[in-house]
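Each chain is listed here by its residues.
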Amino acid sequence: MIRFSQYNLKLNMIICRLFIVLLFTANMAISQSSILIKNGKILDGTGNTWFLSDVLISNGVIRKISKNIEVSADLIIDARGQIVAPGFIDVHGHIEGGIQSKPTAENYIYDGVTTVVTGNCGNSADDLNSFFKRLDSNGVSINVASLVGHNTIRGKVLKMENRAPTNQEQVQMENLVAEGMKAGAVGFSTGLIYVPGTFSKTEELIGLSKQSAKYGGLYVSHIRDEGDSVHVAIDEAIRIGREAQLPVEISHFKITGKHNWGSSVKTLWQVEAARRAGIDVTIDQYPYTAGSTNLHSRIPSWALAGGNDSLHYRLMSPHIKTKIIEEMETELHKNLNTDYSFAVVAFCSRDTSLNGLNIHQINLRWGRPNTIKSEIETILELADKGGAQMVYHMMGEEDVRNIMRSPYCMFGADAGVPVFGRGVPHPRAYGTNARVLGKYVREEKIITLEDAIRRMTSFPAQKFGFKDRGLLKEGYKADIVIFDPKTVIDHATYELPHAYSSGFSQVIVNGKLTLDKNGHTGAKAGQVLQGQGKEKS
Ligand SMILES: [Zn+2]
């Protein structure tokens, strides 16, 4: 008996010690990942004005928002005089390529972005399951959500063909959308100026969008036209929302072509009218008057059907080539341009010496006649040899401001993860949010700071279904930015785009300090954010 109770006592002591060790380890784990932000002006993302408070974060979650929190923490940040806000959600990214080679995504982190929605304009990762798995296993500094892209799936089923799908092909595409949604996509995206998406009819898109709706997703569209027929294109997006019964996001809302400038008054009214009719339509924007896409987008889409080889053969036929040139010339004049100096090469892999030059300059550099026809020949030759990424100066500042004033407008850089110093890309990749906060909020007072933060945080979180992000709220994921509203500004310009924004002193992603005063910390605490389809599958 005595022996037994001694043994028992020893066992009890061991268990007790083990318990203490476990408790201590657990405490260590909490304290190792705890951050206390003191004395900040809290802009919680709701649109309400700031209030003074402390914020305590541990294990990736906002634990407490209250005045005078007095606990020890792994890191204490004095945010006196600074704004403490939820991390920014960029709703329009194209990062599936770049994020894998550059998972630290500096351009986003230095601009206050903690979440990016990729897979836009109809182009998404080929296999979302493996894309998400790779992000998970390799680590990434920002949270990533994806859409399933129409061009990607249409390309799989119909290649680059300019025709409607057969019933069987339509079903095949619908299955691919469903597969993407079950992999965790948050919606279905289209890019209706691009091949092959441009060859689709609205009915095809309604059928595909219904699959997104079935899994709680959105319809996100780079609409068919952003110039002369922009009204028709917006109506098409609204119709898809109504008939497929799902929320609509119109991407990079803009007005292109000088002769159309000012039309944003009408296009914003279309959005307003649709909302009054009960269709959940919202929009996003990058705050610049230039856009960026490929060189091929200058060429009539019928000439691009079948892919690059088909274009090559068409260009060998003098008759077809003349027709292409005529259409391009008509388009140029219609947009009130006298040459192609509005079209600047961002990156041409075949000849990097062209980066930063516009088509007018390249044409002259190649010793060709100073005519529009010759500039078009130059474009066609460049396209035939592989094309280029371009920056197009084509929007009016008044429309940019007008669109920004819409309460239904959120922001998206429409960018990838650029290789720092490579090419002359659109500055939006680096400066979108800081530009809104510096130029448009502070300097021009187009919108208030509170509203800008709402549109960068809770609004996109609500629209895209990120249920525990986008607000500074107890229990929410600790994605947080701390910045000085008096100094925050973008530095990336069209001429020198490789420049990080400044003014953000700390960026925290899932509770991990990812940017501090010394720069990117190397933390890769980003998560894959999956839609409702993942839960249902
Ligand atoms: Zn687009």
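Residues numbered from 1 in each chain as written. Predicted model: local features only at pLDDT ≥ 70, side-chain atom pairs only at ≥ 80, totals over all residues. Heavy atoms only, no water.

## Here's the deal with the packing of helix H15 (residues 428–443) against helix H16 (residues 449–456)
Closest axis-to-axis distance for the H15/H16 pair is 11 Å, and the angle between their directions is 160°. Judged by the angle between their axes, H15 and H16 are roughly antiparallel. The two elements H15 and H16 meet at a crossing, and its hand is right-handed. Two secondary-structure elements touch here, H15 through Asn 433, Val 436, Leu 437 and Val 441 and H16 through Leu 449, Ala 452, Ile 453 and Met 456. Class assignment of the residues belonging to the contact of H15 with H16 gives a composition of seven nonpolar, one polar and no charged. (Axes fitted to C-alpha atoms, helices over the stretch in contact; angles between N-to-C directions. Helix = DSSP H or I, 4+ residues; strand = E, 2+ residues; numbered from the N terminus. Parallel < 35°, antiparallel > 145°, perpendicular 65-115°, else oblique. Left-handed = near helix turned anticlockwise from the far one by under 90°. Contact = heavy atoms within 4.5 Å. Nonpolar A, V, L, I, M, F, W, Y, C, P; charged D, E, K, R; others polar.)

## Observations concerning the pattern of salt bridges
According to the stated counting rule, one finds 32 salt bridges in the structure shown. Two residues, Glu 203 and Arg 239, come together in a salt bridge whose shortest N-O distance is 3.3 Å. With Glu 203 in helix H7 (residues 202–214) and Arg 239 in helix H8 (residues 230–244), the pair connects residues that are 36 residues apart, well separated along the chain. What makes Arg 239 partly exposed here is its relative accessible area of 25%. (Salt bridge = Lys/Arg side-chain N within 4 Å of Asp/Glu carboxyl O. Buried < 20%, exposed > 50% of the residue type's maximum accessible area, 1.4 Å probe, protein only.)

## Comments concerning empty space enclosed by the protein
Across all of its chains, the model carries three cavities of 30 Å³ or more by this definition. Of the pockets and cavities examined, the largest cavity occupies roughly 70 Å³. Every residue along the wall of the largest cavity is listed here: His 252, Phe 253, Lys 254, Ile 255, Gln 285, Tyr 286, Met 395, Asp 399, Val 400 and Ile 403. Sorting elements by how many residues they give to the lining of the largest cavity places helix H14 (residues 397–405) first, with three residues. In the lining of the largest cavity, the residues fall into six nonpolar, two polar and two charged. Roughly 40 Å³ of volume is contained in the second largest cavity. As for the second largest cavity, its lining consists of Pro 86, Gly 87, Ile 89, Thr 114, Thr 115, Arg 469, Gly 470, Leu 471, Lys 477 and Asp 479. (1 Å grid on protein atoms, 1.4 Å probe; cavity = no way out; pocket = protein on both sides within 12 Å on 5 of 7 lines; lining within 4 Å. Points joined across faces, edges and corners; volume = space filled by probe spheres on them.)

## Quick look at the pairing of strand E7 (residues 113–118)
The buried fraction of E7 is high, at six of six residues. Summarising the sheet, E7 and strand E8 (residues 143–146) pair through four bridges and their orientation is parallel. Counted as the bridge partner of Thr 115 is Asn 143 from E8. The β-α-β motif built from E7, the intervening helix H4 (residues 128–138) and the parallel element E8 has right-handed crossover chirality. (Pairing = 2+ DSSP bridges. Right-handed = clockwise from strand over helix to strand, strands pointing away.)

## Quick word on the coordination of the zinc ion
At this site the zinc ion is bound by Cys 121 (SG), His 222 (ND1) and His 252 (NE2), with donor distances of 2.0 to 2.3 Å. Spacing between the donor residues of the zinc ion along the chain follows C-x100-H-x29-H. In this pair, Cys 121 sits in the loop between E7 and H4 while His 252 sits in the loop between strand E12 (248–250) and helix H9 (264–276), placing the two residues 131 residues apart along the sequence. What makes Cys 121 buried here is its relative accessible area of 4%. (Donors = N, O, S within 2.8 Å, 3.2 Å for Na, K, Ca; no water.)

## A short note on the packing of H14 against H15
For any two helices packed against each other, one specifies the inter-axial angle together with the distance between the axes. Between H14 and H15, the least distance of the axes is 13 Å, while the angle of their chain directions is 100°. When the axis of H14 is compared with that of H15, the two are roughly perpendicular. For the pair formed by H14 and H15, the contact residues are Glu 397, Val 400, Arg 401 and Met 404 on the first element and Val 436, Lys 439 and Tyr 440 on the second. Of the residues assigned to the contact of H14 with H15, the class counts are four nonpolar, no polar and three charged.

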